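An overview of the molecular structure
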Amino acid sequence: MEEGSTRGGELSELLEEIYKSTESLELGCAEINCFMCAKGGNLSPCQRLKEAVVLLPWENQLIRSLNGRAFPEISLNGFSLGFLPPEEDCLFNKGGWCTVHGKHPIDCRSFPIVPSVNQRGDLIVSISIKCPIVPSWKFTKTWVENWRRIWKVVPLEWFFFYSEVPTSPLKPIALFKVEERG
Ligand code: SF4
Ligand code: SF4
């Protein structure tokens, strides 16, 4: 992945647009007091889904600019990505609540809508079936479309990496053929 590529600028703009447009798009976790995918570590109701947090290329810079702090990073083919393994606490979690809600990563805010790719690179968008909430049509449609837009800009190797990170069981709801990426 080339950090200085034109697509990097395109992705940064897309990320900022998605952050703004989904700032107040709520799933309803707080209403049912669910912390199942929150990374609260020692809090007993937390981490039951053991979800990792995987940031998109350039997203950790956006997180830092919005919140003053950023996620730990890993290297993917020489490119830095924000990444939080399932067994580690999130620095933004206080008592089971996300202190950067509305300015939190796309991987967190789109859950339980989850992307992956098959060997061809086709995009498969799924719902994580362990989440107790059935997302509204608006939430689902928004995140299927957002992941489709992101998949058209982000190098496929990020999606191949993301698809290999363990997650709770998924039910596919949409597929987009790789030819659509152009
Ligand atoms: S950023 Fe917020 S939602 Fe995401 S893992 Fe951290 S506390 Fe949870
Ligand atoms: S996304 Fe689902 S599993 Fe995660 S906290 Fe919200 S309701 Fe619970």
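Anything mentioned here points back to the structure above.
Here, residues in each chain are numbered from 1, in the same order as that chain's written sequence. As they are written, the chains are lettered A onward and the ligands numbered 1 onward, keeping that order. Predicted model: local features are reported for residues with pLDDT of at least 70 only, side-chain atom pairs are reported and counted for 80 or more only, and whole-chain, interface and lining totals are derived from all residues.

Taken together, 13 residues are adjacent to ligand 2, and Cys29, Cys34, Met36, Cys37 and Cys131 come closest. Under the convention adopted here, Pro, Cys and the residues Ala, Val, Leu, Ile, Met, Phe, Trp and Tyr are nonpolar, Asp, Glu, Lys and Arg are charged, and Gly plus all remaining residues are polar. Residue composition of the shell around ligand 2, grouped by class: 13 nonpolar, no polar and no charged. In this text, near has one meaning. A residue is near a molecule or strand if its C-beta atom, placed using the backbone, is within 6 Å of it.

The subject of this paragraph is unusual backbone geometry. Omega for the bond connecting phenylalanine 111 with proline 112 falls within 30 degrees of zero, at 15°, which places this linkage in the cis form. A positive phi angle, close to 50°, is found at lysine 50, a residue other than glycine. Note on conventions: DSSP H or I runs of at least 4 residues are helices, E runs of at least 2 residues are strands, and numbering of each starts at the N terminus. Relative to the helices and strands, lysine 50 is located in the loop between helix H1 (6–21) and strand E1 (53–54). Overall, the presence of 15 C-beta atoms within 10 Å leaves lysine 50 in the partly exposed class. Unusually for a residue other than glycine, tryptophan 58 sits at a positive phi of about 70°. With respect to the helices and strands, the residue tryptophan 58 is situated in the loop between E1 and helix H2 (59–67). Here exposure depends only on C-beta density: within 10 Å of a residue's C-beta, 20 or more other C-beta atoms make it buried, 12 or fewer make it exposed, and intermediate numbers make it partly exposed, the C-beta atoms being placed from the backbone.

Read across the sheet, three strands follow the order E1-E3-E2 without closing on themselves; strand pairing throughout is antiparallel. Both outer strands of the open sheet, E1 and strand E2 (73–76), are each paired with one neighbouring strand and no more. In this analysis, strands are considered paired if DSSP registers two or more bridges between them. With two bridges joining them, E1 and strand E3 (residues 79–84) adopt antiparallel strand pairing. If you follow valine 54 over to E3, its bridge partner there is phenylalanine 83.

Remember that the coordinates give geometry; whether it matters functionally is a separate question.
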